[in-house]
Amino acid sequence: MSSERNDLVAKARLAAKGAYAPYSGFHVGAALAFEDGSVVTGANVENASYGLSLCAETVAVSKVLSEGARGKLVAVAVAGGKPGERTPIVTPCGRCRQVLHELAQLRGADPVIWCAGDEDVLEMRLSELLPNAFGPAALD
Ligand SMILES: [Zn+2]
């Protein structure tokens, strides 16, 4: 495993510790790496009204955009699960793929997505996870 991948997955695992997930008990962290070397993380935030819950990737993207950052997204790591239990590979949900696409398209990026489990990391490009995506260009 590359050190870049290991480092970003480790940051996602650390971010998962900040999850607020009293209902599912499923703690997820996301780490977004940018071309300038900066990394922004997020964790899932659940709500008693379940449908209002936010995924880790959406929280991270919201942090980036709300702080005015518009850097080129080069890599994303997602990791998580139920603490103390063996966890499978965690992939971004459909909504988060769309949210990540919006951020990536600001700079024409197709970031690598590292979806981590306890033992394996699935590596895919965002364009593979969300082919033929609808994005900002469609509104031009
Ligand atoms: Zn999601």
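Residues numbered from 1 in each chain as written. Predicted model: local features only at pLDDT ≥ 70, side-chain atom pairs only at ≥ 80, totals over all residues. Heavy atoms only, no water.

**A word on the packing of aromatic side chains**
For the coordinates displayed, the defined rule picks out 1 aromatic pair. Aromatic pair Y23 and Y50: ring centres 5.5 Å apart, planes at 40°, arrangement tilted. Remark: Y50 occurs in the loop between β2 (39–43) and α2 (56–66) and Y23 occurs in the loop between α1 (3–16) and β1 (27–34); sequence separation between them is 27 residues. Given the relative accessible area of 39%, Y23 is considered partly exposed. The exposure class of Y50 is exposed, given its relative accessible area of 58%. (Phe/Tyr/Trp six-rings, centres within 6.5 Å; stacked < 30°, edge-to-face > 60°. Helix = DSSP H or I, 4+ residues; strand = E, 2+ residues; numbered from the N terminus. Buried < 20%, exposed > 50% of the residue type's maximum accessible area, 1.4 Å probe, protein only.)

**Here's the deal with α2**
Along α2, the residues classified as buried are A56, E57, T58, V59, A60, V61 and V64. Turning to α2, the residues buried within the fold contact β1, β2, β3 (73–81) and α3 (94–105). Once α2 ends, the next one or two residues include G68, with phi positive near 85°. (Contact = heavy atoms within 4.5 Å.)

**Description of the UniProt feature "binding site: substrate" (unreviewed entry) in the protein**
Following the UniProt record, one finds the feature "binding site: substrate" (unreviewed entry) at N44, V45, E46, N47, A48, S49 and Y50. Looking at where V45 falls in the secondary structure, it is placed in the loop between β2 and α2. V45 gets classed as partly exposed once you look at its relative accessible area, which sits at 37%. Apart from residues lying up to four places away in sequence, V45 is in contact with Y20, S53, L54 and V59. Tracing the chain through its elements places E46 in the loop between β2 and α2. When its relative accessible area of 12% is taken as the criterion, E46 is described as buried. Once residues within four sequence positions are removed from consideration, E46 is found in contact with Y20, A21, P22, Y23, S24, F26 and S53. (UniProt positions renumbered as here; feature names shortened; annotations may be inferred.)

**Section: the pairing of β2**
Working note: regular strand, side chains alternate between the two faces of the sheet. In this structure, β1 lies alongside β2, joined through 5 bridges in antiparallel fashion. Opposite A33, over in β2, you have V39 as the bridge partner. The antiparallel hairpin formed by β1 and β2 contains 4 residues in its connecting segment, where G37 sits at a positive phi of about 95°. (Pairing = 2+ DSSP bridges.)

**A few points about the pattern of salt bridges**
What the rule picks out here adds up to 3 salt bridges. Across the pair R5 and E123 runs a salt bridge, and its minimum N-O distance is 3.6 Å. Here E123 lies in strand β5 (residues 121–125) and R5 lies in helix α1, a separation of 118 residues in the sequence. A residue is classified by how much of its surface remains accessible, and R5, at 15% relative accessible area, is buried. Between R86 and E119 there is a salt bridge; the shortest N-O distance is 3.0 Å. One end of the pair, R86, is in the loop between β3 and α3; the other, E119, is in the loop between β4 (112–116) and β5, with 33 residues separating them in the sequence. Residue E119 is classed as exposed on the basis of its relative accessible area, which comes to 58%. (Salt bridge = Lys/Arg side-chain N within 4 Å of Asp/Glu carboxyl O.)

**Section: the coordination of the zinc ion**
Taken together, the protein ligands of the zinc ion are C55 (SG), C93 (SG) and C96 (SG), with distances of 2.2 to 2.3 Å. Binding-site remark: the zinc ion is held by donors from one chain whose sequence spacing is C-x37-C-x2-C. By relative accessible area, C93 is classed as partly exposed at 34%. (Donors = N, O, S within 2.8 Å, 3.2 Å for Na, K, Ca; no water.)

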